[in-house]
Amino acid sequence: MMADTSKKISELRQDLVCGDWVVIAVGRGKRPHAFSGAPATFEEPREMCPFENFSGSDAPQPVLQSGSVSVIPNKFPAFAKGVCRVFSKEGPYTFADGVGIHEVFVLKDHARYIPELSLEEMSDLIRAYRDRYKTVSREECIAYVLIFHNHGREAGASIAHPHSQLVAMPVIPPDVARSVEGSKRYFREHGKCVHCEMVQYELVSKKRLVDENEKFVAFTPFASKIAFETRIFPKVHQSVFEMLEDGDVTLLAEILQRSVARLKKGLNDPAYNFFIHTAPVGDVSRYDHYHWHIEILPKTSVWAGVEIGTGIEISAIMPEEAAEFLRNITV
Ligand SMILES: [Zn+2]
Ligand SMILES: [Zn+2]
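Below is a summary of the structure that appears in this document.

Scoring rules and cut-offs
Within any chain, residue numbers begin from 1 and follow the written order of that chain's sequence. Labels follow written order: the first chain is A, the first ligand is 1, and so on. Restriction of local features to residues with pLDDT of at least 70 applies here, the model being predicted, together with a cutoff of 80 or more for giving and counting side-chain atom pairs; totals for whole chains, interfaces and linings are based on all residues. With hydrogens and water set aside, each side-chain value is computed from the structure's full complement of heavy atoms. Numbering goes from the N terminus for both helices and strands, where a helix is a DSSP run of H or I of at least four residues and a strand is a run of E of at least two. With the radius of gyration taken over C-alpha atoms, the globule rule is written as 2.2 Å times the number of residues to the power 0.38. Any two residues whose heavy atoms approach within 4.5 Å are treated as being in contact. In this tally, Lys and Arg are treated as positive and Asp and Glu as negative; His is ignored, and so are the chain termini. All charge positions are set by atom: Lys at NZ, Arg at CZ, Asp at CG, Glu at CD. Pairs of N or O atoms within 3.5 Å make up the polar contacts considered here, provided that, within protein, one atom can donate a hydrogen while the other can accept it, and that residues adjacent in sequence are counted only when both atoms are side-chain atoms. Here a strand pair is declared whenever DSSP counts at least two bridges between the two strands. Throughout, a disulfide means two cysteine sulfur atoms within 2.5 Å of one another. Burial status follows relative accessibility: with a 1.4 Å probe on protein chains alone, a residue under 20% of its type maximum counts as buried, one over 50% as exposed, and anything between as partly exposed. Coordination here is defined by N, O and S atoms within 2.8 Å of the metal (3.2 Å for Na, K and Ca), and since water is not considered, a site can look incomplete. Key to geometry: four donors with every angle between 85 and 135 degrees are tetrahedral; four donors are square planar and six octahedral where opposite donors lie over 155 degrees apart and all remaining angles lie between 65 and 115; all other sites are irregular. Salt bridge, as used here, is a side-chain nitrogen of Lys or Arg placed within 4 Å of a carboxyl oxygen of Asp or Glu. The span expected for a helix works out to 1.5 Å for each residue beyond the first.

### Observations regarding the overall build of the protein chain
At step 1: Looking only at helices and strands, the protein chain features six helices and 15 strands.
At step 2: Taking 20 Å as the expected radius of gyration for a compact globule of 331 residues, we find that the protein chain reaches 20 Å, a close match to that expectation.
At step 3: Considered along the principal axes of its C-alpha atoms, the protein chain spans approximately 75 × 45 × 45 Å.
At step 4: Considering only residue pairs separated by 6 or more positions, the protein chain has 71% of its internal contacts joining residues 24 or more positions apart.
At step 5: When the 38 positive and 44 negative side-chain charges of the protein chain are each reduced to one mean point, those points stand 4 Å apart.

Right, here's the structure in full:
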């Protein structure tokens, strides 16, 4: 029997930058509200919170105080001081010290999350991201600096008190390497930045547009890896996050906060991760073709056999439908 082709089961879409395929499985017919689960915010007594007191003798000493945000070294770092780029061998295998830096950006209040911050407090956070990026990326042995935020246990937040993190590592991570390679290839072939190309198209088409202001735009990517994925780009080409100007800090704070607030309001406070993808550390001219951005990834499903076995993610909503839903939420 012939399949009924009038009703599409799924669509394969290719990411313009890295070339990866994603699957949008629309045949499941899930409506936007069906992605809501139990709220991700969890309660933890203030007395148990490691981020309450920076004045005791064994308390961590902030490396930066940016208005309402304190930046401290991570107590359980994934990367730490060590011997830079000395590779050892075990039989056919290679290993080296995990040299780097791991810091935590602690927000002032125990139970006030990003959507509840004042614009000034949110700007303190963005400014802290940029200032630590600048300092840490100049340290010896650092090839890449990743700034990220986990919200909710399912997104990996082990402490309820709202906080972001920075990891600076001696290697360029694989996802970043592929994104950098992809944008370099596009630049060679088309003579322009692949991200600028997407930004300009999305601003005109408006199909996947979620939000914009004078300097930034937020949209759901054409090849969204997961449902309600949102990306924020500076409208004007900028390869490294630290190029963010003082005058643009508040505009970035505003659009990031609103994007997160939309998810919270529309999908009943889902767990999410966001991170900043920027050019690797080093000679800026080598990475001119790159365009920094923020990716926000809500957790509305888990990786199962197909995803783990293939690396292809299956999203159950069209990015256009997700964008329309998010766009219409008033925050
Ligand atoms: Zn706390
Ligand atoms: Zn660009």
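Still more to cover.
### Comments concerning the side chain of T230
At step 1: Following the sequence through the fold, T230 ends up in strand β12 (residues 230–234).
At step 2: A distance of 3.2 Å separates a polar side-chain atom of T230 from the backbone oxygen of F228.
At step 3: If we ignore the near neighbours within four places in the chain, the residues touching T230 are A218, F219, I294, E295, I296 and L326.

### Side note on the sheet that holds strand β15 (residues 314–315)
Two strands in a sheet stick together by hydrogen bonds in their backbones, pointing the same way (parallel) or opposite ways (antiparallel).
At step 1: Strand order in this open sheet of three strands is β1-β2-β15, and the pairing throughout is mixed. The sheet terminates laterally at β1 (11–14) and β15, the two strands that pair on one side only.
At step 2: Strand direction decides the pairing type here: β1 and strand β2 (residues 21–24), joined by four bridges, are antiparallel. Bridging from a neighbouring strand, R13 pairs with V22 of β2.

### A word on the state of the cysteines
At step 1: All chains considered together, the criterion is met by one disulfide.
At step 2: Across the disulfide, C84 is cross-linked to C141 (sulfur-sulfur distance 2.2 Å). What sets the handedness of the C84 and C141 disulfide is the S-S torsion sign, and at about 100° it is right-handed. Within this pair, whereas C84 is found in the loop between β4 (69–73) and β5 (88–90), its partner C141 is found in the loop between α1 (119–136) and β8 (144–151), the two being separated by 57 residues in sequence.
At step 3: Left without a disulfide partner, C18 is nearest to the cysteine sulfur of C193, which lies 14 Å away.
At step 4: On the basis of relative accessible area, C18 is assigned to the partly exposed category, the value being 25%.
At step 5: With a relative accessible area of 5%, C193 lands in the buried category.

### Describing the coordination of the zinc ion (ligand 2)
At step 1: Distances from the zinc ion (ligand 2) to its protein donors, C193 (SG), C196 (SG), H237 (ND1) and H291 (ND1), fall within 2.0 to 2.3 Å.
At step 2: Going along the chain, you hit the donors of the zinc ion (ligand 2) in the pattern C-x2-C-x40-H-x53-H. In this pair, C193 is assigned in the loop between α2 (174–190) and α3 (194–205) and H291 in the loop between β13 (272–277) and β14 (293–298), connecting sequence segments 98 residues apart.

### Some thoughts on the coordination of the zinc ion (ligand 1)
At step 1: On the protein side, the zinc ion (ligand 1) has C49 (SG), E52 (OE), H110 (ND1) and H161 (ND1) as donor atoms, found 1.9 to 2.2 Å from it.
At step 2: Considering all four donor atoms around the zinc ion (ligand 1), the spread of angles at the metal, 98 to 121°, places the coordination shape in the tetrahedral class.
At step 3: Spacing between the donor residues of the zinc ion (ligand 1) along their common chain follows C-x2-E-x57-H-x50-H. Pair noted here: C49 is in the loop between β2 and β3 (64–66) and H161 is in the loop between β8 and β9 (163–169), with a separation of 112 residues, a long-range link.

### Some details on the pattern of salt bridges
At step 1: Counted according to the given criterion, the structure contains 27 salt bridges.
At step 2: Across the salt bridge formed by D20 and R178, the nearest N and O atoms sit 2.9 Å from each other. Separated by 158 residues along the polypeptide, D20 in the loop between β1 and β2 and R178 in helix α2 bring together distant segments of the chain.
At step 3: Judged by relative accessible area, D20 falls into the partly exposed class, the value being 30%.
At step 4: Judged by relative accessible area, which is 37%, R178 ranks as partly exposed.
At step 5: The network of salt bridges with common partners includes K8, E11, R13, E202, R208 and E320.

### Regarding helix α4 (residues 249–266)
At step 1: Spanning 18 residues, α4 covers 26 Å between terminal C-alpha atoms, matching the ideal 26 Å at 1.5 Å per step.
At step 2: By the criterion of burial, α4 is predominantly enclosed, with 13 of the 18 residues buried.
At step 3: After α4 finishes, the residue N268 shows a positive phi value of roughly 60°.

### Details of the pairing of β9
At step 1: Most of β9 sits out of view: seven of its seven residues are buried.
At step 2: Burial of β9 is two-sided: the residues H163, Q165, V167 and M169 facing one way and the residues S164, L166 and A168 facing the other way are all buried.
At step 3: Judged from the six bridges that link them, strand β7 (residues 101–106) and β9 form a sheet pairing that is antiparallel. Counterpart to V104 in the pairing with β9 is Q165.
At step 4: Strand direction decides the pairing type here: β8 and β9, joined by six bridges, are antiparallel. For I147, the partnering residue across the bridge sits in β9 and is L166.

It is worth stressing that arrangement in space is one thing and function is another; only the former is reported here.
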